[in-house]
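Chain by chain, the residues:
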Amino acid sequence: MHTDAPHPQTPDDSPLIAERRAKLAALRATAPAFPNDFKPTHQAASLQAQHGGDEPEALEAAGIRVRVAGRMMLKRVMGKASFATLQDGTGRIQIHVSNDVTGEEEHAAFKHDDLGDWIGCEGLLFKTRTGELTIKAEQVRLLVKSLRPLPDKFHGLEDVETRYRQRYVDLIVTPESRERFALRSKAIAALRNEMLAAGFMEVETPMLHPIPGGAAAKPFVTHHNALDQQMYLRIAPELYLKRLLVGGFERVFEINRNFRNEGLSPRHNPEFTMMEFYAAWWTYRDQMDFTEALIRNTAQITCGTTVLTHQGRALDLGAPFARLTLTQAIQKHAPDYTDAQLADDGFLRGELRRLEADHAPHKLKGMGLGALQLALFEEVAEHLLWEPTFIIDYPVEVSPLARAADADANTTERFELFITGREIANGFSELNDPEDQAARFHAQVQAKEAGDDEAMYFDADYVRALEYGMPPAGGCGIGIDRLVMLLTDAPSIRDVILFPALRFEG
């Protein structure tokens, strides 16, 4: 018996690739090398679901004829008969090729096909002695010649760099990757359906912005030749979505890409997917209630449960989400800090220097009390927020687009949702006072001039839109990639992005 096995990654000039190119050249001389006249009528998963439990005698008596096409992942040649496993977009199914049924000539040609080739097969379903659902091939055809051998682990690609850089190979050989991205699609569909059911309208807003806005982030810069002006890949859709509230659309949402010129990490990719949504007449507390239910329902629909395991640790999305202020969160996870210390600018600056917080000295000097409290929270508490927790009532200083609280002009009606130590969502009651917004923009411009690359620009058109009147509203953004990381137990954001950003090979 001869068993084909996958090969390690091979260089372009390897004998294995040369051998496959020679087979392709011979094929070109006798027939169309890449035919497109084969139409499969069945798929592996549906055949397994419908007939995997059939009794062998009943299955053979039924005479069920099928046509499938898939990539050959395994082949066992045994003289006058061969078995092979084909993988299509839904799963795998075995085929049986023999001199007796398929014909000696066609079987001989099949023996020369390689793992990775796309094969078309037509025949009758039957069960082998071991009970495996199989197609007894009457016709078998090579549809696409694979010139490169599959990696050496057909059950999964172990080299992480190759998995990210050659995702197409990863998807071929790693069932978990295919399942993860299928689940990602299911999660986004669940989010979309939940939004539509709640009366939100899906919209699309520009990717190219004349002024970047809607978040504190460094943008990618490009140039539009026809307009002869600098443009920016959007860092957030927020200001355009709120323009739609001004225009009279009271509930809108968008699922799309944002771009931020930042570093790479297990939770950061410069191109990422967000869902932002805005509802007139909602406050940030309405948004928290809705966001909690939305994430819980999405987990239930996608995973069939709200009790998950993430990186070996239990995570319960079904329990009520906690709500804490910045200082409450700090004192919960670092109880030695007193109220007086957390209200003391000088103490906080000294403590952040002691902790070697990642803030440039000039930025630390320019921070007010609110920004200092946020910086300390990020150092001592954020990474410890495993169970879902809303951090609420952020300082105005670090929330330039959020409405200030009526009871405290230094605090905003804002929240961030943290799960497994990562920010998942950010929302607030929207600032709809055009004069207050203009003043906040001016403060951001001053911060930018002082060296803060992530501070916002002054968007005069957005202020003009607010001057027409925007209804009271609540808005929220959810990081889709990070949410999918939770739902799929993925350790890195790169595991849930089909083609993550990598340094160019050339």
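Quantities reported herein were computed from a predicted structural model and do not represent experimental measurements. (Residues numbered from 1 in each chain as written. Predicted model: local features only at pLDDT ≥ 70, side-chain atom pairs only at ≥ 80, totals over all residues. Heavy atoms only, no water.)

Another point: the overall build of the protein chain. Assigned secondary structure in the protein chain consists of 17 helices and 19 strands. Overall, the C-alpha framework of the protein chain stretches about 85 × 50 × 50 Å when taken along its three principal axes. Per-residue burial over the protein chain gives 48% buried out of 506 residues. A total of about 24000 Å² of accessible surface is found on the protein chain, and carbon and sulfur atoms cover 52% of it. Across the protein chain, 55 positive and 74 negative side-chain charges occur, with their mean positions spaced 6 Å apart. (Helix = DSSP H or I, 4+ residues; strand = E, 2+ residues; numbered from the N terminus. Buried < 20%, exposed > 50% of the residue type's maximum accessible area, 1.4 Å probe, protein only. Areas by Shrake-Rupley, 256 points an atom, 1.4 Å probe, with all protein chains shown as cover. Lys, Arg positive; Asp, Glu negative; His and termini not counted. Charge placed at Lys NZ, Arg CZ, Asp CG, Glu CD.)

Attention now goes to the sheet that holds strand E7 (residues 201-202). Read from one edge to the other, the open sheet built from eight strands follows the order E7-E11-E12-E19-E18-E17-E16-E15, with strand pairing classed as mixed. The sheet terminates laterally at E7 and strand E15 (322-325), the two strands that pair on one side only. Bridge count for strand E17 (residues 414-419) against strand E18 (residues 422-429) is six bridges, and the pairing is antiparallel. Residue pairing across strands places Leu 417 opposite Ala 425, the latter belonging to E18. (Pairing = 2+ DSSP bridges.)

Along the chain, Phe 200 falls in the loop between helix H7 (175-197) and E7. Measuring from C-alpha to C-alpha, the distance between Phe 200 and Gly 120 comes to 45 Å, with 80 residues separating the pair along the chain. Excluding residues that lie within four positions of it along the chain, Phe 200 makes contacts with Met 195, Arg 251, Val 252, Phe 253, Phe 277, Tyr 278, Ala 279, Trp 282 and Phe 290. (Contact = heavy atoms within 4.5 Å.)

Pairing geometry for strand E9 (residues 221-224) and strand E10 (residues 229-233), over four bridges, is antiparallel. By the bridge assignment for E10, Thr 222 is matched with Met 231. Counting the residues that bridge the hairpin from E9 to E10 gives four residues, and of these Asp 228 lies at a positive phi of roughly 50°.

As a further point, take the side chain of His 51. Mapping His 51 onto the fold places it in helix H2 (residues 44-51). Classification of His 51 as buried rests on a relative accessible area of 13%. A polar contact is formed between the side chain of His 51 and the side chain of Asp 54, at a distance of 2.8 Å. (Polar contact = N/O pair within 3.5 Å; in protein donor to acceptor, adjacent residues only side chain to side chain.)

Core analysis: the biggest nonpolar cluster contains 42 residues, and Met 195, Phe 200, Met 275, Phe 277, Leu 294 and Ile 478 have the highest contact counts within it. Setting aside chain neighbours within four positions, we find Leu 294 in contact with Leu 191, Glu 194, Met 195, Met 275, Phe 277 and Ile 478. (Core = buried A, V, L, I, M, F, W, Y, C linked by side-chain atoms within 4.5 Å.)

Compared with an ideal rise of 1.5 Å per residue, which puts 20 residues at 28 Å, helix H9 (residues 284-303) spans 28 Å between its outermost C-alpha atoms and is within 8% of the ideal. Turning to H9, its buried residues number three or more, namely Tyr 284, Gln 287, Met 288, Phe 290, Thr 291, Glu 292, Leu 294, Ile 295, Arg 296, Thr 298, Ala 299 and Thr 302. (Expected span 1.5 Å × (residues − 1).)

Moving on, we come to the domain arrangement of the protein chain. Structurally, the protein chain comprises domain 1 (15-144) and domain 2 (173-321 + 387-495). Taken over C-alpha atoms, the centre of domain 1 sits 48 Å from the centre of domain 2. (Domains from an automatic or database assignment.)

What follows is about the packing of helix H15 (residues 434-449) against helix H16 (residues 460-467). Where H15 meets H16, the closest approach of the two axes is 9 Å, and the angle between their N-to-C directions is 165°. As judged from the angle between their axes, H15 and H16 are roughly antiparallel. Between H15 and H16 the crossing geometry is right-handed. Across from Pro 434, Gln 437, Ala 438 and Phe 441 in H15, the residues of H16 making contact are Tyr 462, Val 463, Leu 466 and Glu 467. (Axes fitted to C-alpha atoms, helices over the stretch in contact; angles between N-to-C directions. Parallel < 35°, antiparallel > 145°, perpendicular 65-115°, else oblique. Left-handed = near helix turned anticlockwise from the far one by under 90°.)

Spatially, E8-E10-E9 is the arrangement adopted by the three strands of the open sheet, whose pairing is antiparallel. Looking at which strands have only one partner, the edges of the open sheet turn out to be strand E8 (208-209) and E9.

This part takes up the packing of aromatic side chains. The geometry of two aromatic rings is summed up by the distance between their centres and the angle between their planes. Within the structure shown, the criterion is met by 12 aromatic pairs. A ring pair is formed by Phe 377 and Phe 418, whose centres lie 5.5 Å apart and whose planes are at 65°; its orientation type is edge-to-face. Separated by 41 residues along the polypeptide, Phe 377 in helix H14 (residues 369-380) and Phe 418 in strand E17 bring together distant segments of the chain. According to the relative accessible area criterion, Phe 377 is buried, its value standing at 0%. Through pairs of rings, three or more aromatic residues link up here, namely Phe 200, Phe 277, Trp 282 and Phe 290. Its guanidinium or amino end placed over the ring of Phe 38, Arg 67 lies 4.3 Å from that ring's centre, counting from NZ or CZ. Across the ring face of Tyr 240, the terminal group of Arg 243 is positioned such that the distance to the ring centre comes to 4.6 Å. (Phe/Tyr/Trp six-rings, centres within 6.5 Å; stacked < 30°, edge-to-face > 60°. Lys NZ or Arg CZ within 6 Å of the ring centre and 35° of its normal.)

Below, the discussion takes up the side chain of Glu 292. Looking at where Glu 292 falls in the secondary structure, it is placed in helix H9. What makes Glu 292 buried here is its relative accessible area of 10%. Reaching out from Glu 292, the side chain makes a polar contact with the side chain of Arg 296 at a distance of 2.7 Å. In contact with Glu 292, not counting residues within four places along its chain, are Ala 319, Pro 320, Phe 321, Arg 323 and Phe 390.

Turning next to the environment of Met 275. Relative to the helices and strands, Met 275 resides in strand E12 (residues 271-280). For Met 275, a relative accessible area of 0% gives the class buried. Here the alpha-carbon distance between Met 275 and Gly 477, two residues 202 residues apart in the chain, equals 5.5 Å. Beyond its immediate stretch of four places on either side in the chain, Met 275 contacts Leu 191, Met 195, Phe 253, Glu 254, Ile 255, Leu 294, Cys 476, Gly 477, Ile 478 and Ile 480.

Quick look at helix H8 (residues 238-247) now. Glu 238, Leu 239, Leu 241, Lys 242, Arg 243 and Leu 245 are the residues of H8 that are buried. Against the buried residues of H8 lie strand E11 (251-259), E12, E18, H15, H16 and strand E19 (473-479). Remark: Gly 248 follows H8 within two positions and exhibits a positive phi of approximately 115°.

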